[in-house]
Amino acid sequence: MQGFDVLSLRVIIINEKKKMKKAILTLLMVPAFVGMLFSCSEAKTDAKKLEGKWNIVEVKGEKLLKEGLPNMEFDMKDNKVHGNAGCNIFNSTVVLDDQDVSSITINPAATTMMACPDMETEDAILKAMGDVKGVKAGQSENEMLLVDANGNVLLVLSKN
């Protein structure tokens, strides 16, 4: 009788050890999974961090690989932005939202009107600027993402 109790006790202990291993593994995997989710998605950031000059390195998923990249310079104190869309110079104002620090709207820009060989890129940049509704942090502190109302990346900016 006593042998049966010891055997039963061993089976119970083995089963409990298996349950404990599963619980520990689950507890270790949940933070790792959550960490992966956040590392793969960009986090909202304060639009005022756009202060300064940025190169436009990507427009709606298309990388710009040429020299003399288009650029934007934000003056967040005066809510202004100006730059070069690839050929023409633009000037505009920005609207921030006190309730959502990541919210930014770029008002329609005044631009010079020179004819240029690559108007497609310039037109895409100016259109994307008009659709901007927010900013997210990029892959590093030197990268920012301008996004539309649904969080879709419109422009990728690299600190100049």
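Definitions and cut-offs
Residues numbered from 1 in each chain as written. Predicted model: local features only at pLDDT ≥ 70, side-chain atom pairs only at ≥ 80, totals over all residues. Heavy atoms only, no water. Patch = residues over 30% accessible without salt bridge, like charges linked within 9 Å, V, L, I, M, F, W, Y side chains within 5 Å. Areas by Shrake-Rupley, 256 points an atom, 1.4 Å probe, with all protein chains shown as cover. Salt bridge = Lys/Arg side-chain N within 4 Å of Asp/Glu carboxyl O. Lys, Arg positive; Asp, Glu negative; His and termini not counted. Charge placed at Lys NZ, Arg CZ, Asp CG, Glu CD. Buried < 20%, exposed > 50% of the residue type's maximum accessible area, 1.4 Å probe, protein only. Core = buried A, V, L, I, M, F, W, Y, C linked by side-chain atoms within 4.5 Å. Helix = DSSP H or I, 4+ residues; strand = E, 2+ residues; numbered from the N terminus. Expected span 1.5 Å × (residues − 1). Arc of directions from axis to C-beta.

1. Describing a positive patch on the surface
And then number 1: Where like charges cluster on the molecular surface, the positive patch consists of Lys17, Lys18, Lys21 and Lys22.
And then number 2: The exposed category is assigned to Lys17, whose relative accessible area is 55%.

2. Some details on the nonpolar core
Across soluble globular proteins, nonpolar side chains have a tendency to be buried as a group.
And then number 1: Counting residues in hydrophobic clusters, the biggest one holds 25 residues, and the most contacted among them are Leu50, Met72, Phe74, Leu146, Leu155 and Leu157.
And then number 2: Counting residues per element, the ones that place at least two in this core are strand S1 (52–59), strand S3 (71–75), strand S5 (89–97), strand S6 (100–106), helix H2 (119–131), strand S9 (143–147) and strand S10 (153–159).

3. Some remarks on unusual backbone geometry
And then number 1: One non-glycine residue, Lys60, lies in positive phi territory at about 45 degrees.
And then number 2: On the basis of relative accessible area, Lys60 is assigned to the partly exposed category, the value being 44%.
And then number 3: Notably, Asn79 is not glycine yet its phi reads approximately 55 degrees, a positive angle.
And then number 4: Residue placement: Asn79 occurs in the loop between S3 and strand S4 (80–84).

4. Examining H2
And then number 1: Over its 13 residues, H2 extends 18 Å from the first C-alpha to the last, a length consistent with the 18 Å expected when each residue adds 1.5 Å.
And then number 2: For H2, every residue scored as buried is listed here: Thr121, Glu122, Ile125, Ala128 and Met129. In an axial view of H2, the angular spread of the buried residues amounts to 130 degrees, which keeps them on one side of the axis.

5. A closer look at the pattern of salt bridges
And then number 1: Inspection of every chain in the model, using the stated rule, returns two salt bridges.
And then number 2: For the salt bridge of Glu58 with Lys63, the shortest nitrogen-to-oxygen distance reads 2.9 Å.
And then number 3: Classification of Glu58 by relative accessible area gives buried; the value is 15%.
And then number 4: Judged by its relative accessible area of 58%, Lys63 is exposed.
And then number 5: Taking the shortest distance from any N to any O, the salt bridge between Lys127 and Asp131 comes out at 2.9 Å. With Lys127 and Asp131 both in helix H2 and four residues apart, the pair spans about one turn of that helix.
And then number 6: Take Lys127: its relative accessible area is 48%, and that puts it in the partly exposed class.
And then number 7: According to the relative accessible area criterion, Asp131 is partly exposed, its value standing at 28%.

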